[in-house]
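Below are the chains, spelled out letter by letter.
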Amino acid sequence: MPDLSHHARQLREMADALDAQSEDTEDALAPHPDTLEVINGRHTGRGQINYAVPDALQLQRRIRRFHADHGVQHGDIVAIALDTFLRAKGYPPDLPSAKADAS
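Structure report, in brief. (Residues numbered from 1 in each chain as written. Predicted model: local features only at pLDDT ≥ 70, side-chain atom pairs only at ≥ 80, totals over all residues. Heavy atoms only, no water.)

**As for the overall build of the chain**
Along the chain, the regular secondary structure elements total 5 helices and 0 strands. Of the regular secondary structure in the chain, the N- to C-terminal order runs α-α-α-α-α. Of the contacts made within the chain by residues no fewer than 6 positions apart, 56% connect residues no fewer than 24 positions apart. Element-wise, carbon and sulfur atoms account for 56% of the exposed surface of the chain, whose accessible area totals about 9,300 Å². (Helix = DSSP H or I, 4+ residues; strand = E, 2+ residues; numbered from the N terminus. Contact = heavy atoms within 4.5 Å. Areas by Shrake-Rupley, 256 points an atom, 1.4 Å probe, with all protein chains shown as cover.)

**Topic: helix 4 (residues 74-88)**
In this model, helix 4 (15 residues) spans 21 Å end to end at C-alpha, consistent with the 21 Å of a helix rising 1.5 Å per residue. For helix 4, the full list of buried residues reads Asp76, Ile77, Ile80, Asp83 and Thr84. Looking straight down helix 4, one finds its buried side chains confined to an arc of 145°; they lie on one side. Where the residues of helix 4 are buried, they touch helix 2 (33-40) and helix 3 (59-70). Positioned one or two residues after helix 4, Gly90 has a phi angle of 95°, which is positive. (Expected span 1.5 Å × (residues − 1). Buried < 20%, exposed > 50% of the residue type's maximum accessible area, 1.4 Å probe, protein only. Arc of directions from axis to C-beta.)

Read these as layout, nothing more, since geometry by itself doesn't imply function.
Here's what the structure looks like:
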């Protein structure tokens, strides 16, 4: 049987490096600054999304409670949550760069 201790050590080192990197980052659930800029924009176009979700998750009730506690609009709560999830999974939006707009 081959000696895989070298590979195991490398994997532990990579895991340690990833742990250290994640400790340096801010809250992973914090909205991306670009997302906040879009949501807070006065002339941001909006579209309706309709998906059936499991009732057991009580998403509508939880969204209403979050809105009542924090004043964030229902659509913005959904937009932030979905954007954060999709960015984390490697699917960021194709937003125009603010630098490109300034030139």
